[in-house]
Structures are given as structure tokens and as C-alpha cells.
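Chain by chain, the residues run as shown.
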Amino acid sequence: MSNDAATGTPMLDGPQQEPPAHGLGASLPPADARAKTEGTFPYAADLWAEGLLWAAILRSPHPHARIVSIDTAAAAEMPGVRAVVTHEDVPGDSAYGRRIADRPVFASEVVRHHGEAIAAVAADHPDTARLAAAAIAVEYEVLDPVTDPEKAFAAEPLHPDGNLIRHIPLRYGDPEITGEVVVEGLYRIGRQDPAPIGAEAGLAVPRPDGGVEIYTASTDPHTDRDLAAACFGLEPDRVKVVVTGVPGATGDREDPGFQIPLGLLALRTGCPVKLAATREESFLGHAHRHPTLLRYRHHADAEGRLVKVEAQILLDAGAYADASSESLAAAVAFACGPYVVPHAFIEGWAVRTNNPPSGHVRGEGAMQVCAAYEGQMDKLAAKLGVEPAELRLRNVLATGDILPTSQTVTCPAPVAELLRSVRDFPLPPLPKDTPEAAWLLPGGPEGAGEPGAVRRGVGYALGMVHMLGAEGADEVSTATVKVHDGVATVICAAVETGQGFATLARQIVQETLGIEEVHVASVDTDQPPAGPAAHGRHTWVSGGAVERAAKMVRTQLLQPLAHKFGMSTELLQITDGKITSYDGVLSTTVTEAMDGKELWATAQCRPHPTEPLDASGQGDAFVGLAFCAIRAVVDVDIELGSVRVVEMAVAQDVGRVLNPAQLATRIEAGVTQGIGTALTENLRTTRGLVRRPDLTGYALPTSLDAPDIRIVKLVEERDVVAPFGAKPASAAPVVTSPAAVASAVRAATGRPISRLPIRPQAAVAAVPAVPAGS
């Protein structure tokens, strides 16, 4: 697949064919698209129940403090207040965590980050709940916060488990070898917030059996159920999580810290309880992308071929572990990027601090190192006097090469093809060629800058991400397909977060069974688990389970016909709702063949296992890899430091295009999120205190900030071990685009650009450059 050079619209190579109306390869729209665009989609914040109470959470105003006392008497006595709960009221486990149970439901003795939950209140009105939470008297002994991750190694332990969460020393090759050319760099990546479309919300309803049902926008309902049940002191089958109203997710929906207090209040009061977080609570409560400090030294020969990479990577986990171990593994494993590196020595650490908690955000670990190793490639190209794209081409990875973890790249790795595609794509016109578009210059026509101060830069970046879980994670999903009266239903606990799984499931059944009307059931924990919505895993694992179940139903449908006509089922095909034999003797419809029966089948999909990285960072830790190349074109006002991204040309390794329109949307969204990382998004803190935790203080890119995004090439080289041969689509451009923007700003300004997001003072040119309009 490639693109129309003028519009960037994805199109197939060779003679153009009419796309299918349904099934795999069709641009089938999401079933909920109309409701979301018209504003009628029921989000979690819209939930309601008879006798509803409202919840509010009291949060710490300090990043680090000892709790001397908590007095809830004034709050409990307020009219309309039905319950107040603290750490003393948690009947089960007092702490939770998806990997390490180190995060308390409510702080008891020590507060470890700004916004940590202290208590929760249920009342008959939301204002009453908030006033009651504010009336809880907490006496603190304020402590000095540890906010510099480099100082966390020598600081007093912030947690009983210590400050060091994980250390990975990767050793690959000869430590004594050196290159003829050496470049070094220090890079810093800021704290990106997932900034969900809607803040966290949910409804907990007590059950007659003493259990509770939680209705929320969870992305991993079975894990959320198990964590909540352990804290409630209940068996998992007495807690039900119903997924409702997911507006979209990039990791922000995975924190059960909002759900557990909600369930506790419902169990305590015997009434339904609703919690709708404010935007400030959302910023303070959920996990963010890991701020990262990276030190690099690249060795190369005189021709620019990499000899050795040395790096130190320090991830700031914030107060609790969350997904830091997995993020560190990705950062260390991909520290050299999609390049052949014969010798690599990487030290990686993840440490606790009193900063806001860090966790899973799309492309975690891989994004931070991509910004750093691509900065190094730009430095190396400048030192050698080689074009940046050419230097990268001399070093790119290919199928059969070996990663610094000693894992062989067995999946398709068309990195050189991707890079050549974006390099050779026509550049956009200069501003002088389109004078009517002066408003597109940095700052616009009324901006403070002068058009003559605008410089254009072109930069490149190559990124890579892993698919599914890593380091021995048991990736499995279960799906059921039912067919009755010409309608198919898919039952699978894979949550639709905007990645397109619900649409894909419909397409798989349409393709396999020839039934056009396919419904995907809503998700709850009464269904078998499907795992979290991360790393593109539902396309692979859950899509694979749906395909297997659909094929089992197909066999049930075709076997009686095959037996009747004395042939095997392989000689029958289903197309557009019709069943025909290879010789034309048999021709009937699916509905006629069903004859009023209900057919169903349940299947699982489990990819081949992986293994943890060993003591020297070695091991087959990843199921598969996906790659992306981006060329960024930017205009920079070198006097003011303002940056406008003009165009992003993208080439991506996708395995197989399953839904062209949906795929293009995912790539465009990923690129835009990456531009936010590069230029605007940084949740700022002062000694651990979050500054302006709202959408006026946290600058998200808007439609006016989005550049022309040209999808230059989609390489469809199928991964033989993946169902349908497809690869995840959205994480790779998120990882790659910040590095590409930084590379382009370097080209425009001559400045090193070693910090993301790029500050205006960093984009003020060090030396005169050629004006964009000249």
C-alpha cells in the first residue's frame, strides 16, 4: 500500500480496485461512530441509578508528608453525608498494583505524592460530598520530597520496598572496542499526561449477595476486578466490572485507584455510588509517561557505521512501581534503535520519587530512547558531514539481524524501504510559493515575529515498538462467535478503546462466515478474560481468537453440506452470504444452510511464549516488532523560538491493512500525539507539586496544530506468526514523531535540541540559516 502524492490518502499499489463492502480490507466504520459524533454516546459520566449517592475523594496537598492524624468527625456529621472511609475501612488488601502491590488504596502513615488519596466520602449531592471531603481534618508533618531521580539512589527509602524498582545492565559484545568517531549527548524527556477525552468516572452498585458491580471505562476489566476484590476482601466472582462508555484510551484508563474507593463506598452504604472526577483530580490521580534522563555515547567508523553504543537510562517512576519494570525493559532493549549495533552496553534504572506516578502510556520506554538515539544519529551525521538520511541507511536493521538483547529479528523488518520512501517523497512548497498562506507561519500573520526570521528544517527518525506483552507475559484471549437467524454475535472481553477491535471483529466474522450483520457484545467480567488493551495486542490475540471461533462455526455450517455432497469442507467457499462448491454443483445461501439452527463456538489464541531478560539484559523477550519512518518538515522563528510543524511524511510497517480508513486514522492520531510530546505537553512540577493541573496549564495540540500528515507508504509484508499477518498501528508513530520533529528543529536552528518538549529558548538559532522563503 502507498499513497496519493497530492493528498497522502492510502491507496493500493498497482491497478486500483473497488474496495470490498465488508470483511477484511474494507473501510468499515466503527459501530459507535455516529453516536460519538452526534454527542449521544453514553459515557461513564452519564451513568445513573435510583437512590444514587455521589462520591468525592480527599487528596494530599503535599508530595511528601507523614500523616499525624485523620479526623473525619466533622465530615461524617454533615447533613446528607452517608459514609466516610479511610485506610482503616479497607477490609482486604490495603495496597494494590498491576505488577507490584505497592500503592495504598488510601494513604495511612505517609503521603508519597501530590494528590494521593487520603479518604473518600459518599453523600446525597455532589457538592455535599466535596464539602465533606474538604471538612476532613488531616494533620501532616511535611517532609522534604525527593524529586530528582538521580538523588533517589542515596535518599532515605520512600517505600518499604526501597527506591530502586529495577536495574537492567545490558551487556552485548566487547566492552573495550572503540570507534574512530565518537559523539555524546545528554537528553531529557518530560512528563506527558494521557489527557483522556473524558475524565475518569464510574458507578458502583451493591449486590444482594454482598458483592458489588462497578460500571466504568476500564481497559482491563478482569485485572481491575481482581485488584478490587482483593481490597474488598471478597472472592473475584462477587465483584463484577462492566465496561461502559470508553471514549478512547492511551493507557489512562488502567488505574483502578478511582474504582476501588467507589466500590468501598457502595459496600459501606448499600446504595449505588457515582464518582465523576474533575479534570484536576484526573491529572493528579492517574499515571503519566515516565520522565526520563538519558546519557549516550555512540562509536562509529570513518564511514559512519555504528561500532558501539553506550547509554545510561533513568526512568522516574514517581511514587509507585506500576508499569515501570516493563517500560524500563523496552527502553533498554530498544536503546540502540532499529540499527545494527555489534557492541552495546546499556545501564537502565527505574526509581521511586515523590513525583506524580508514572505508568503505561502508548509507546512507553521506546519513545524516550527514540528521541535520544535519533539525536545521536543527527550528531554523528553532522560530525561526519554525511546527510542524516544516508547515515541512517548505512546502519538500518533488517530481518535476520540480531538485537542487543541477542534476540534475532525473525519478523519482517523493512526499515530501509521505509526510510527511502519518506526521504524520496516530494517536499512541501516554501512559504514564498504560497503567499496567501502567511497565517501558517509560526505565530500567524499577527504574530510578534518577522517572516524573515523563519527558517525551515527537515529531519528524520526511525522508531520501533514491540507487539503484545514482553518478558514472559502470558498473552491469551478467549472469544465466542454465535450465529442465529442470519445474525452473528461476537462475545469477547477485549475492550474497544478506539483502536478498532470491535470493527475488526465484525470484519473477521463477515470474511469467514459471509454474514453481513455482525454485533459485538458489551464487555463485562462474566466473560472469559481477554487481557489489557495495550501494545496492539487485541488485533493479534483477541482478533486471532475471534477468527478461530468463526472458523469453527464455519466448519459446523459446512460439514453437513460437504457430507451430503461427498466432498470436504475445503472445497466449499462462502462469498457474500452464499455457499458454493468448487465445481458449481452446490449453491445455497448461509441462511438456508442454517435452517433455523443456532451455531456457536469458543476459541482461544495464545502466541508463542517469551522470556524475561537475564542478568545481562539478554533474552527473547518480545513476540514481534513493528517499525516506522517519519520525515518532519518544520518552520522555526529563530528569534522567538516558535515552531510550526508543516508536514509529517510517514512510512510504516503494518503487516497487512485490515481496514484502510481506520488504519490511516490511527497513524494520524499517533503522529499528532507525538507532536504534542515534542512541542507542548509537559506536566510541570515544582518540588513535587503539580503546577496548574488543568487543560489551560497543560497544552494539548489542537486541530490547528496538526500538520499535513502524508502516509507515504504502508509496507504489507505479513508477519507469518501473527493472525492475518497484521501489526499494531498507533504506537510506532507516537514513538517516532517526537524524534523527527526534534531532528527537523536541529536542522533549522543548528541547536542540539536535547530536551522534549522543545522549549522556545532552545529553538533560537545559534547561527544564521537560510530563510524559509528564500
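Everything quoted here is computed from the prediction, not taken from an experiment. (Residues numbered from 1 in each chain as written. Predicted model: local features only at pLDDT ≥ 70, side-chain atom pairs only at ≥ 80, totals over all residues. Heavy atoms only, no water.)

## Comments concerning the packing of helix 14 (residues 660-679) against helix 15 (residues 731-749)
How two helices sit against one another is set out by the angle between their axes and by the gap between those axes.
Now for step 1: For the pair helix 14 and helix 15, the least separation of the axes is 7 Å and the interaxial angle reads 45°. Taken together, the axes of helix 14 and helix 15 are oblique relative to one another. Viewed along their axes, helix 14 and helix 15 form a crossing whose handedness is right-handed. Here Ile667, Gly670, Val671, Gln673, Gly674, Ile675, Thr677, Ala678 and Leu679 of helix 14 come into contact with helix 15, specifically with Pro733, Val734, Ser737, Pro738 and Val741.
Now for step 2: Per-class residue counts for the contact of helix 14 with helix 15 are nine nonpolar, five polar and no charged. (Axes fitted to C-alpha atoms, helices over the stretch in contact; angles between N-to-C directions. Helix = DSSP H or I, 4+ residues; strand = E, 2+ residues; numbered from the N terminus. Parallel < 35°, antiparallel > 145°, perpendicular 65-115°, else oblique. Left-handed = near helix turned anticlockwise from the far one by under 90°. Contact = heavy atoms within 4.5 Å. Nonpolar A, V, L, I, M, F, W, Y, C, P; charged D, E, K, R; others polar.)

## Details of empty space enclosed by the protein
Now for step 1: As enumerated under the stated definition, the model contains eight cavities of 30 Å³ or more in all.
Now for step 2: What lines the largest cavity is a set of 31 residues, among which Gln499, Thr539, Arg666, Ala729 and Ser730 lie closest to the centre.
Now for step 3: Class assignment for the residues of the lining of the largest cavity results in twelve nonpolar, 14 polar and five charged. (1 Å grid on protein atoms, 1.4 Å probe; cavity = no way out; pocket = protein on both sides within 12 Å on 5 of 7 lines; lining within 4 Å. Points joined across faces, edges and corners; volume = space filled by probe spheres on them.)

## Considering the pairing of strand 22 (residues 487-492)
Looking along a regular strand, one sees side chains alternate from face to face of the sheet.
Now for step 1: Because side chains alternate across strand 22, one face comprises the buried residues Ala488, Val490 and Cys492, and the other comprises Val487, Thr489 and Ile491, none of which is buried.
Now for step 2: In this sheet, strand 22 lies alongside strand 21 (residues 477-484) in antiparallel orientation, the contact comprising six bridges. Residue pairing in the sheet places Ala479 in a bridge with Cys492 of strand 22.
Now for step 3: Hairpin remark: strand 21 followed by strand 22, antiparallel, with two residues in the connecting loop; positive phi at Asp485, about 55°. (Buried < 20%, exposed > 50% of the residue type's maximum accessible area, 1.4 Å probe, protein only. Pairing = 2+ DSSP bridges.)

## Considering the confidence of the model for the chain
Now for step 1: Per-residue confidence for the chain averages 90 on the pLDDT scale, and 93% of its residues sit at or above 70.
Now for step 2: pLDDT under 50 marks residues 767-774. Its contacts with residues more than four places away, or in other chains, come to 17 contacts. (pLDDT = per-residue confidence, 0-100.)

## Describing the side chain of Thr244
Now for step 1: In this fold, Thr244 is placed in the loop between strand 15 (239-243) and helix 5 (259-269).
Now for step 2: With near-sequence residues (within four places) excluded, Thr244 lies in contact with Pro42, Ala44, Leu47, Tyr215, Thr216 and Ala217.

## Remarks on the sheet that holds strand 8 (residues 110-111)
Now for step 1: The strand order 8-4-10 describes an open sheet built from three strands, whose pairing is antiparallel. With partners counted over all chains shown, the strands left at the sheet margins are strand 8 and strand 10 (137-142), one partner each.

## Examining the packing of aromatic side chains
Now for step 1: Taken as a whole and assessed by the stated rule, the structure comprises six aromatic pairs.
Now for step 2: Aromatic side chains Tyr339 and Tyr373 sit 6.1 Å apart centroid to centroid with 85° between the ring planes, which places their arrangement in the edge-to-face category. One end of the pair, Tyr339, is in the loop between helix 7 (324-333) and strand 19 (343-351); the other, Tyr373, is in helix 8 (residues 366-384), with 34 residues separating them in the sequence. (Phe/Tyr/Trp six-rings, centres within 6.5 Å; stacked < 30°, edge-to-face > 60°.)

## Notes on the sheet that holds strand 24 (residues 572-575)
Now for step 1: A sheet is described by the order of its strands in space; here three strands give the open sequence 24-25-26, paired in antiparallel fashion. Whereas interior strands pair on both sides, the edge strands pair on one side only; in this sheet they are strand 24 and strand 26 (587-589). Put simply, the sheet's adjacent strands are angled 25° from each other on average, direction ignored.
Now for step 2: Of the pairings in the sheet, the one linking strand 25 (residues 578-581) to strand 26 comprises three bridges and is antiparallel in character. Each bridged residue has a counterpart across the sheet, and for Thr580 the counterpart in strand 26 is Ser587.

## Side note on the nonpolar core
Now for step 1: Core analysis: the largest hydrophobic core is formed by 109 residues, its most contacted members being Tyr296 and Val741.
Now for step 2: With sequence-adjacent residues up to four places away left out, Val741 is seen in contact with Ala632, Val634, Val645, Met648, Ile675, Ala678, Leu679 and Ile758.
Now for step 3: In terms of nonpolar packing, the next biggest core, distinct from the first, is built from 53 residues, Ile508, Ile515, Leu572 and Ile579 among them. (Core = buried A, V, L, I, M, F, W, Y, C linked by side-chain atoms within 4.5 Å.)

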